[in-house]
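An overview of the molecular structure
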Number of protein chains: 2
Amino acid sequence: MAWWNTHRDFKNSINTDINPDLASERKSPPFDVEKLTNILDGGIENTRVRRRVEASIHSDPVFSREDQYFLSSSETYEKGIQRSIHLKKKIEQLGWMKDGPEMKWLNRVLAGDIGFNVHTVFLNCINELGTDEQIAKWVPLAQNYNIIGTYAQTELGHGTYLRGLETTATFDMSTQEFLINTPKISAMKWWPGDLGRSATHALVLAQLYIKGKNYGMHPFLVQIRSLHDHSPLPGITVGDIGPKMGFAHVDNGYLFLRNIRIPLQNMLSRYSQVLPDGRYVKRGSEKINYFSMILVRVNMIGEVVVGTLTKACMIAIRYSVVRRQSEFKPGAAEAKILDYQTQQGKLLPQLATVYAFHFLCPYLLDYYNLVHHEIKSGNFKSLPELHALTAGMKALVTEYSTAGVEVCRRACGGHGYSMLSGLPSLYSYVLAACTYEGENTVLYLQTARYLVKCLAMGQSGQSLPQSVAYLTSALSRRCQARDKSDFLKTEIYLDAFEHRACRLIRGAASKVQALVHSGLEQYEAWNSTSVELLEASMAHCQYIIVKVFVDTVEKLNSDPGIHISLKRLCHLFALHWIRTNAGSFLHNEYISGNQLDMVTEIYLDLLLLLRKEAVVLVDAFDYTDEQLNSALGSYDGQVYQRLFEWAQKAPENHQVNSAYEKHMKPLFHSALSKL
Amino acid sequence: MAWWNTHRDFKNSINTDINPDLASERKSPPFDVEKLTNILDGGIENTRVRRRVEASIHSDPVFSREDQYFLSSSETYEKGIQRSIHLKKKIEQLGWMKDGPEMKWLNRVLAGDIGFNVHTVFLNCINELGTDEQIAKWVPLAQNYNIIGTYAQTELGHGTYLRGLETTATFDMSTQEFLINTPKISAMKWWPGDLGRSATHALVLAQLYIKGKNYGMHPFLVQIRSLHDHSPLPGITVGDIGPKMGFAHVDNGYLFLRNIRIPLQNMLSRYSQVLPDGRYVKRGSEKINYFSMILVRVNMIGEVVVGTLTKACMIAIRYSVVRRQSEFKPGAAEAKILDYQTQQGKLLPQLATVYAFHFLCPYLLDYYNLVHHEIKSGNFKSLPELHALTAGMKALVTEYSTAGVEVCRRACGGHGYSMLSGLPSLYSYVLAACTYEGENTVLYLQTARYLVKCLAMGQSGQSLPQSVAYLTSALSRRCQARDKSDFLKTEIYLDAFEHRACRLIRGAASKVQALVHSGLEQYEAWNSTSVELLEASMAHCQYIIVKVFVDTVEKLNSDPGIHISLKRLCHLFALHWIRTNAGSFLHNEYISGNQLDMVTEIYLDLLLLLRKEAVVLVDAFDYTDEQLNSALGSYDGQVYQRLFEWAQKAPENHQVNSAYEKHMKPLFHSALSKL
């Protein structure tokens, strides 16, 4: 098929040189890109380890993603399973330790395409909620994939609101068993990963009933498929919930349980136990368990969400200096599309967002570790703040990352619609994160509830945790910027974000209060204010993120060149959010129309400056071509050649076209006599 | 598999009654829903015809969409071909005339799932650009599907900027032929529909060269595949470009041409002809051809884009009164999610947008017909206005409809991620429209260029076309609203939109001028202002759309109940845009912060009022269950039952699980001894 080899005009395009349009962008970088890579990796040693992990994984054909876009969903699922099992062996062979430095890079390098993800949740839950005997029995089996478990919580009719779950576990004292039941169709377990086609066991979250009394949700270990032949056990109806927007490698499933009997020992009992005589015993605090869910959220922001936006940015920015379109200057060659201000206005704010979110992750993790340390010594006082912070951040980061990936995808024009660009998969992958691990609107409102509570505490004279202390501080009445360069002063825009968040939170809280005073029930007042509470919650998160970005850049002890670029990104990031949320800054004349015009001016200046550094600023993230898996985004910029080579691999180009045989052939044959 | 038939708890859930939670929403509608349906259809007779077409199509198993979400892309493609051929026969059998009343409903009823779409463009082009002899030769063949053609314009490296296309057609006088060539990889035809696996012919857009001189783009008829066996002809490399985000039913293709010789007669020559001696003759105006591209855009807005948003709204709103979540009132049953203000704030503005865009379509079509009439009598003066209007409207409507579909999808939580909800397919379908038929940013800037030109004309005293006459009108300095009810006066918010559009257009135009005065070239000044020009262009389109909505509702001679609801939708629509673009209304203190608070208050009041009518307001659009093809959105609201029934049909639930056989079985068997 390599017909262009013999076609003289193509002689020059089959090399693997860097596309000159991309090479020229890297010619005189304003800083040492490798040093920025080290900063982004969290140190030079991390970069080394990461590349070692990459070398091991990318050289292994089992992990090749070459055919990713051409597999059916069943093939994708099977590949995921194969990879998980292979990976386990590989890790043992390579001697990577469970808490070793290599492990933290695995997710990044594998780009999420492995199976048994919920099985890991199943395993962690046993470790955390099981007694020592339960751990000793189940954990080795699960670790060795001798059984595969799922975490069966979500039901067809019930998601985020856990107390609404309807599956029941009724204690039968006569046999010392629990009877697990799905009382109606909306109670069917629905969505759990690894359930549809893999799991042998399920950790079923169910309402515990003893002698007719409901004791709330508890976790029960239920075998669902035979270990002999994998068929569903009697009373079990289980299957795959069918096609989804993405996540073809995961077999999300449904599970219906009819009078399934499990022994007393199968309720995970570290924190609450049912005794043989039917007494219910609670011990210790479950808060620590709840706390580990926060870690899932923090890790997810870093590993899944921000990484995805980063990859989309790398692809779109590299493509935008290779793609040329339209006469820019009359008579000259077609311009690189990144030279258009509108393209800069799409992509460079996303690039700034990548850096902002990237630096947010260690901030969240550090704070998590601090609270973890406190909790270990029995001090739970920071837990509400940590919860509120991570809930809102999860919502905001997933929302903006999803929107950002789509901006990048669309900025690649028609080719961004091709799966071969890599962008549609990144989009359907990151999108899901807006819903799983807590639906975003619900999370924003949880943060709002905490903020309103803190405000009331502050107003009554109590001292407030650090991240919300500003709620009761005195507000400046006007932005102090006098000319556009003032908006390059971090204190100027930080004050603006603080002022706005504070105003919105106070406003929403006052409204709730006023409605209650006017006779509404608390819940009605809250609901009638929730659109404004949501906006207030977002404003708070935005303030924190801008602040963390500013603080991180200020503290960085790096090359002057790197420092200048990062400051520009930080400014652009903050000013982009001021522009796109202008209404709430102008509202009470904190910022004037004149000042907003200055913001726009300096924003456009920054676009032009960052345009020149855009390619090296994405290069620094150092995702490999294998990880990007994009015909548009590879390091060498040979976009058109790669699109063509990859397209030829599509199964459609190698199959008999049965639509021709069945439907078109007779029609075409009758044309023969007429032409 | 119907195990729930025998399971006593399910006895009650297998009926096909309307879900009571949905039935209660329809109990006392504030107006006669059928009458609103007639208005939306454009008259009672239209509703009748539509339902007749629906009955014919939905009763035909070839058009069943039951398996839509379970087909591979090849199967989807084949189904599309089969349907197109079947449809042609069916139309003949039913005696539907080409311009008959049934045809205009076909697209809606078939929901876009048919093949040979670009073949129709190929056919239309021959009709418009061919000579009478060319039409006589090719059109009957194409009409009968004896040949299938594609319109091969877009190239791998060239999209919206047509002058940049690189394919060449060189006249060889010695043989009286054209030589068609793809000079390099970026010139390969890429994306044309029906090309990848179907087309026998291509209308190739190429640069015409005669004796070394370039005469620009012209259309050439090239046979690409054998009519005997469908194999590519010598010199032709053709194939499918591979998987995309959506449009699996279309075989978008690539085409490489090496020294393909076609006779002189195969250049479509109605408007320009190459004579045997190499002379080039131009005749008549091609503007009329350009004009027909505008019709494609206008029809696309109505048939593809707005319909898709409407369906998404129907699904999400119906689901939101069936889905219950969380204790709303403490101790009470879980609440319908549409009772949450945040859910109303997501969905009801989308519903209002559906109505706004729905009423925009006849406005655009009427204006198109008016201009068509003028052009027929040789008067081209309105063409620039029509072009600018439709370009901007295409960009805005596709952008907002895409965003709206995604809001609806996400508002359905986890189930919105399932293909069975219908929402992911609607999303990937509407999304593409942001790019095809003109990339949105390019289109917005074309409109901006027209606006800036008109402003200059107006300022020099010339009279302006109707839709832009406001550009030179005197502006009121302040919004006149004194209390929140004033924002229910259409003149109040129309003035706000007019003021804002005018200010932004004038501001951007002044900046371009100032930059030119300061020494920048025109093209640089334009590029340096393009972010602001884009915003100005959108503000203009928004003003027109709000105005059309207001005018339409005012002119409607309908029941008082319908009138009240439509006015509410119109208010909500306008106020939603004021809220979400608040910065540009507050900027020069046209609207004060206080007034914006009134907007929010009345906006929230409207949400509550429209909440009660939401279901009947979507019902009125009367899309059938077959058209929605959504487990969440059916008329009866039996959401959970349908999700479960459909999921069971997934091929994954009927295939041997080879991942188990190959990878898991040995691991599980070794657990047997341990459990």
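Residues numbered from 1 in each chain as written. Chains lettered and ligands numbered in written order. Predicted model: local features only at pLDDT ≥ 70, side-chain atom pairs only at ≥ 80, totals over all residues. Heavy atoms only, no water.

For clarity, the cut-off: UniProt positions are given in the numbering used here, feature names are shortened, and annotations may be inferred rather than shown by experiment.
Going by the annotation in an unreviewed UniProt entry, the name recorded for chain A is Acyl-coenzyme A oxidase, with Geotrypetes seraphini given as the source organism. In its Sequence similarities (unreviewed entry) section, the UniProt record describing chain A reads: "Belongs to the acyl-CoA oxidase family." In the Pathway (unreviewed entry) part of its UniProt record, chain A is described as follows: "Lipid metabolism; peroxisomal fatty acid beta-oxidation."

1. Observations concerning the environment of V139 of chain A
All names here are of chain A. The condition is simple: Starting at the N terminus, helices and strands are each numbered in turn, a helix being any DSSP run of H or I of at least four residues and a strand any DSSP run of E of at least two. Throughout this description, buried means an accessible area under 20% of the type-specific maximum (1.4 Å probe, protein chains only), exposed means over 50%, and partly exposed covers the range between. Contacts are assigned to residue pairs that have any heavy atoms within 4.5 Å of one another.
Relative to the helices and strands, V139 is located in helix α7 (residues 132-143). Judged by its relative accessible area of 7%, V139 is buried. When sequence neighbours within four positions are dropped, the list of residues in contact with V139 reads L123, I126, N127 and Q134.

2. Comments concerning the interface of chain A and chain B
Put simply, the rule reads: Buried area: the sum, over both parts, of the accessible surface (1.4 Å probe) that disappears when the two are put together. Salt bridges are counted wherever a side-chain nitrogen of Lys or Arg sits within 4 Å of a carboxyl oxygen of Asp or Glu. In protein, a polar contact requires one atom able to donate a hydrogen and another able to accept it; more generally it is a pair of N or O atoms within 3.5 Å, and residues adjacent in sequence count only if both atoms are side-chain atoms.
Every contact between the two is made by 141 residues of chain A and, on the other side, 141 residues of chain B. Approximately 11800 Å² of surface area, both sides summed, lies buried where chain A meets chain B, with 62% of it carried by carbon and sulfur atoms. One salt bridge connects E78 of chain A with K662 of chain B, and the closest N-O pair in it is separated by 2.6 Å. In this assembly, chain A and chain B are joined by 59 residue pairs in polar contact (both at pLDDT 80 or more). Take the side of chain A that touches chain B: its biggest share by element is 12 residues, from helix α21 (residues 658-672) of chain A.

3. Quick word on the UniProt feature "domain: Acyl-CoA oxidase C-alpha1" (unreviewed entry) in chain A
UniProt's feature table lists "domain: Acyl-CoA oxidase C-alpha1" (unreviewed entry) at residues 290-452 of chain A, given in the numbering used throughout. For residues 290-452 of chain A, the end-to-end C-alpha separation is 22 Å, with 74% helix and 4% strand making up the annotated structure.

4. Observations regarding the packing of helix α13 (residues 490-517) of chain B against helix α16 (residues 560-580) of chain B
Residues and elements named next belong to chain B. Our working definition: Orientation is described by lines fitted to C-alpha atoms, with helices fitted over the stretch in contact, and by angles between N-to-C directions that extend from 0 to 180 degrees. The sense of a crossing depends on the near helix, which, turned anticlockwise from the far helix by less than a right angle, makes the crossing left-handed and, turned clockwise, makes it right-handed. Classes in brief: Ala, Val, Leu, Ile, Met, Phe, Trp, Tyr, Cys and Pro nonpolar; Asp, Glu, Lys and Arg charged; the others, Gly included, polar.
Between α13 and α16, the least distance of the axes is 11 Å, while the angle of their chain directions is 35°. For α13 against α16, the interelement crossing comes out left-handed. Of α16, the residues touching α13 (which contributes T490, Y493 and F497) are C570, H571, A574, L575, W577 and I578. Residues that form the contact of α13 with α16 fall into these classes: seven nonpolar, two polar and no charged.

5. Considerations on the packing of helix α6 (residues 117-129) of chain B against helix α7 (residues 132-143) of chain B
Residues and elements named next belong to chain B. Quick reminder of the rule: For classification, angles of less than 35 degrees are called roughly parallel, those exceeding 145 degrees roughly antiparallel, those between 65 and 115 degrees roughly perpendicular, and all remaining angles oblique.
At a minimum axis distance of 9 Å, the contact between α6 and α7 shows a crossing angle of 160°. Comparing their axes, α7 and α6 come out roughly antiparallel. As α6 runs across α7, the sense of the crossing is left-handed. Between α6 and α7, the contacting residues are H119, F122, L123, I126, N127 and L129 on the first element and Q134, I135, W138, V139, A142 and Q143 on the second. Here the residues of the contact of α6 with α7 sort into eight nonpolar, four polar and no charged.

6. A look at the sheet that holds strand β8 (residues 253-257) of chain B
Residue and element names in this part refer to chain B. For clarity, the threshold we go by: Note on pairing: DSSP must find at least two bridges between two strands before they are called paired.
In space, the three strands of this open sheet follow the order β4-β8-β7, with antiparallel pairing throughout. Of all strands in the sheet, those with a lone pairing partner are β4 (189-190) and β7 (236-240), marking the two edges. Pairing of β4 with β8, which is carried by two bridges, proceeds in the antiparallel orientation. Pairing of K189 across the sheet is with L255, part of β8.

7. Here's the deal with the relation of the copies chain A and chain B
Our working definition: Least squares is the method used to superpose the copies, on C-alpha atoms of residues holding a pLDDT of at least 70 in both.
Superposing chain A onto chain B takes a rotation of 180° combined with a translation of 0.0 Å along the rotation axis, leaving an RMSD of 0.0 Å. Look at the turn and shift together and you get a two-fold axis relating the two. Ranked by how close their C-alpha atoms come to the rotation axis, the residues of chain A are headed by G583 of chain A, at 1.8 Å. Of all interface residues in chain A, 100% are interface residues in chain B too; the two copies therefore contact each other through one and the same surface.

8. Description of the pairing of strand β9 (residues 260-263) of chain B
All names here are of chain B. Of the two faces of β9, the one holding I260 and I262 is buried and the one holding R261 and P263 is not buried anywhere. Two strands pair when backbone bridges link them, and strand β3 (residues 177-181) and β9 are joined in this way by four bridges, in the antiparallel orientation. Across the sheet, F178 pairs through a bridge with I262, a residue of β9.

9. Remarks on the environment of M103 of chain A
All names here are of chain A. Here M103 is to be found in helix α5 (residues 103-110). Note on M103: relative accessible area 27%, which makes it partly exposed. Separated by 524 residues in sequence, M103 and Q627 have C-alpha atoms that sit 16 Å apart. Those residues in contact with M103, other than ones at most four positions away along the chain, are I91, W96, M97 and K98.

10. What about the UniProt feature "active site" (unreviewed entry) in chain A?
All names here are of chain A. With numbering aligned to this structure, UniProt lists the feature "active site" (unreviewed entry) at E437. By secondary structure assignment, the location of E437 is in the loop between α11 (423-431) and α12 (440-459). Judged by relative accessible area, which is 32%, E437 ranks as partly exposed. Dropping the residues within four chain positions of it, E437 is found in contact with V296, R297, M300, K394 and L443.

11. Digging into the pattern of salt bridges
Scanning all chains against the criterion turns up 78 salt bridges over all chains. D67 of chain A serves as the salt-bridge partner of K79 of chain A, at 3.2 Å between the closest nitrogen and oxygen. Of this pair, K79 of chain A sits in helix α4 (residues 73-94) while D67 of chain A sits in the loop between α3 (44-58) and α4, and the two are 12 residues apart along the sequence. E535 of chain A is the salt-bridge partner of R579 of chain B, the closest N and O atoms lying 2.6 Å from each other. Of the two residues, R579 of chain B sits in helix α16 while E535 of chain A sits in helix α15 (residues 530-555), which places them in two different chains. Judged by its relative accessible area of 19%, R579 of chain B falls in the buried class. On the basis of relative accessibility, which here comes to 31%, the residue E535 of chain A falls in the partly exposed class.

12. So, the domain arrangement of chain A
Residue and element names in this part refer to chain A. Applicable threshold: In this entry, domain limits derive from an automatic or database-based domain assignment.
The domain architecture assigned to chain A consists of domain 1 (118-282) and domain 2 (291-461 + 488-619). Taken together, the five residues of domain 1 in the interface contact eight residues of domain 2. For the domain 1 face of the interface with domain 2, the top three residues by lost area are T160, M245 and F247, together amounting to 72%. Inspection of the domain 1/domain 2 interface yields zero salt bridges. At the boundary of domain 1 and domain 2, one finds zero residue pairs in polar contact (both at pLDDT 80 or more). Here the side of domain 1 that touches domain 2 is built from residues that sort into two nonpolar, two polar and one charged.

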